[in-house]
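Structure at a glance
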Amino acid sequence: MPRPVVWIPRRLSEATLARARRDYDVILKDDDSPGTADEIVAMSARADAMIPCHSERFGADVVARLDPRLKIVANHSVGTDHCDLPALRSRGIAVTNTPGVLSDATAELAMMLMLGAARHAVTGDRIVRSGGWDFWSPAFLVGKQVTGARLGIVGMGGVGRSLARKARGFDMEIHYHNRRRLPPDEEAGAIFHADLDSLLTVSDFLSLHCPATPATEGLMNADRLARLPRGAILVNAARGSLVDETALLAAIKSGHLAAAGLDCFVTEPGGNPTFAGHENIMMMPHVGSATVRTRDAMGFKALDNLDAFFAGRRPPDLL
Ligand code: DGY
């Protein structure tokens, strides 16, 4: 019986590619650029499965053109906002993601952004690196302390809970908003806010960890940013669409927000050029899950899902 053919558009970890090649006939897109709509459609006639990243868009327009040969889209991402799930399901195509395995890496990056934004990491690095450090004063680069501060977390899935564990190590007081209240053992003393606005008013730091859906698009708009305490710091390592970037820039310019730490932007790749002149916005290029261990774990999870599917079992992360 011929082995299933799997299209892998992006350069996954070496361990992932080695395992994929061991078990499947792999077609690898050799330039590591995002798969275009036409490439996705063309490859659906040559592959039984695909392992895309969040950079490959499976909108309804693309899904309608897919060849019936394609049976499963095993995403190498936890986020699935790049996929029109109802459209894929209506074509009988299974869709999976990679929950859990990237929670710690992404929470580490959120913590880094929080600390870096709070302590002027971008400015400090620039001053020292440029050779321009010729001054010191007790009033120099004075930041905001996280110890004892209130951290608001929007979305208490795997990443949000991991961030809460890490932030407890910094003696932060954890508050959260989630669709459902967590059981006490998972809550671990965190304070639940059924109402997002109630969370905002107590968040000295606010970190976003909810999925991007039509309901969360522009979640942090001018009105909600205004509800944060003056001098608050916003962190987004989830999806760019959660934040109204024009409103964020206005809040930074007015000083209502002291700083922000962003790993995600409305436009990716690229980011938002209007943020560039503001060193109190610390920015990273969507690399929350980019550690060696996590890239392997994401790739292996995608392959576990394919293995189950082609063995006739329910994939563990079937959506
Ligand atoms: C995810 O898994 O959703 C991350 O954003 C990386 O794609």
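If you're wondering where the values come from, they're calculated on a predicted model, not measured in any experiment. (Residues numbered from 1 in each chain as written. Predicted model: local features only at pLDDT ≥ 70, side-chain atom pairs only at ≥ 80, totals over all residues. Heavy atoms only, no water.)

What to know about a nonpolar patch on the surface
Residues Val128, Trp133 and Trp136 make up a contiguous nonpolar surface patch of roughly 410 Å² in combined accessible area. Residue placement: tryptophan 133 occurs in the loop between helix H6 (121-129) and strand E6 (150-154). (Patch = residues over 30% accessible without salt bridge, like charges linked within 9 Å, V, L, I, M, F, W, Y side chains within 5 Å. Areas by Shrake-Rupley, 256 points an atom, 1.4 Å probe, with all protein chains shown as cover. Salt bridge = Lys/Arg side-chain N within 4 Å of Asp/Glu carboxyl O. Helix = DSSP H or I, 4+ residues; strand = E, 2+ residues; numbered from the N terminus.)

As for the nonpolar core
Among the nonpolar cores identified, the biggest contains 30 residues, and Leu151, Ile153, Met156, Met172, Ile174 and Phe205 are the most heavily contacted of them. Mapped onto this core, the elements with two or more residues apiece are helix H5 (103-118), E6, helix H7 (158-168), strand E7 (173-177) and strand E10 (232-236). The leading source of residues in this core is H5, at eight residues. For isoleucine 174, the residues in contact, after removing those within four places along its chain, are Leu151, Ile153, Met156, Ala164, Ala167, Arg168, Gly189, Ala190 and Ile191. Grouped together as the second largest cluster of nonpolar side chains are 27 residues, Leu219, Met220, Ile252 and Leu257 included. (Core = buried A, V, L, I, M, F, W, Y, C linked by side-chain atoms within 4.5 Å. Buried < 20%, exposed > 50% of the residue type's maximum accessible area, 1.4 Å probe, protein only. Contact = heavy atoms within 4.5 Å.)

Quick look at helix H2 (residues 37-44)
Within the span of H2, buried status applies to Ile40, Val41, Met43 and Ser44. Buried residues of H2, viewed axially, fall in a sector of 165 degrees; they line one side. In this structure, the buried side of H2 is in contact with strand E1 (5-8), strand E2 (25-28), strand E3 (49-50) and helix H3 (60-63). (Arc of directions from axis to C-beta.)

Topic: the domain arrangement of the protein
When cut into domains, the protein gives domain 1 (5-97 + 292-310) and domain 2 (103-271). In this structure, domain 1 and domain 2 have C-alpha centres spaced 31 Å apart. Contacts between domain 1 and domain 2 engage four residues on the former and four residues on the latter. Counting each side, the surface lost to burial between domain 1 and domain 2 is near 340 Å², with a carbon and sulfur contribution of 46%. Its largest share of buried area at the contact with domain 2, domain 1 owes to His54, Asp81 and Thr294, together 83% of the area lost on that side. The tally of links between domain 1 and domain 2 comes to one salt bridge. At the boundary of domain 1 and domain 2, one finds one residue pair in polar contact (both at pLDDT 80 or more). Residue classes in the side of domain 1 that touches domain 2 are distributed as no nonpolar, three polar and one charged. (Domains from an automatic or database assignment. Buried area = accessible area lost by both parts, 1.4 Å probe. Polar contact = N/O pair within 3.5 Å; in protein donor to acceptor, adjacent residues only side chain to side chain. Nonpolar A, V, L, I, M, F, W, Y, C, P; charged D, E, K, R; others polar.)

Describing the packing of helix H1 (residues 14-23) against helix H12 (residues 292-310)
The N-to-C vectors of H1 and H12 enclose an angle of 20 degrees; their axes lie 8 Å apart at closest approach. Relative to H12, the element H1 is oriented roughly parallel. Viewed along their axes, H1 and H12 form a crossing whose handedness is right-handed. Contacts from Ala15, Thr16, Arg19 and Ala20 in H1 reach Arg295, Asp296, Gly299, Phe300, Leu303, Asp304 and Asp307 in H12. Of the residues that constitute the contact of H1 with H12, the class distribution is four nonpolar, two polar and five charged. (Axes fitted to C-alpha atoms, helices over the stretch in contact; angles between N-to-C directions. Parallel < 35°, antiparallel > 145°, perpendicular 65-115°, else oblique. Left-handed = near helix turned anticlockwise from the far one by under 90°.)

Concerning the pairing of E7
Within E7, four of the five residues are buried, which leaves the element mostly enclosed by the surrounding structure. As defined by bridge partners, E6 adjoins E7 across five bridges and the pair is classed as parallel. Each bridged residue has a counterpart across the sheet, and for arginine 150 the counterpart in E7 is glutamate 173. For the segment spanning E6, H7 and E7, crossover handedness is right-handed. Relative to strand E8 (residues 191-192), E7 runs parallel, the two sharing two bridges. (Pairing = 2+ DSSP bridges. Right-handed = clockwise from strand over helix to strand, strands pointing away.)

A look at the pattern of salt bridges
Taken as a whole, this structure holds 22 salt bridges when the rule is applied. Residue aspartate 307 pairs with arginine 19 through a salt bridge whose shortest N-O separation is 2.9 Å. Residue aspartate 307 is found in helix H12, and its partner arginine 19 is found in helix H1; the two are separated by 288 residues along the sequence. Among the residues examined, aspartate 307 registers a relative accessible area of 23% and is labelled partly exposed. Classification of arginine 19 by relative accessible area gives buried; the value is 13%. A salt bridge links arginine 69 to aspartate 48; its shortest N-O distance comes to 3.1 Å. In this pair, arginine 69 sits in the loop between H3 and strand E4 (72-74) while aspartate 48 sits in the loop between H2 and E3, placing the two residues 21 residues apart along the sequence. Since its relative accessible area comes to 16%, aspartate 48 is described here as buried. Residues participating in the shared-partner salt-bridge network are Asp197, Asp223, Arg224 and Arg227.

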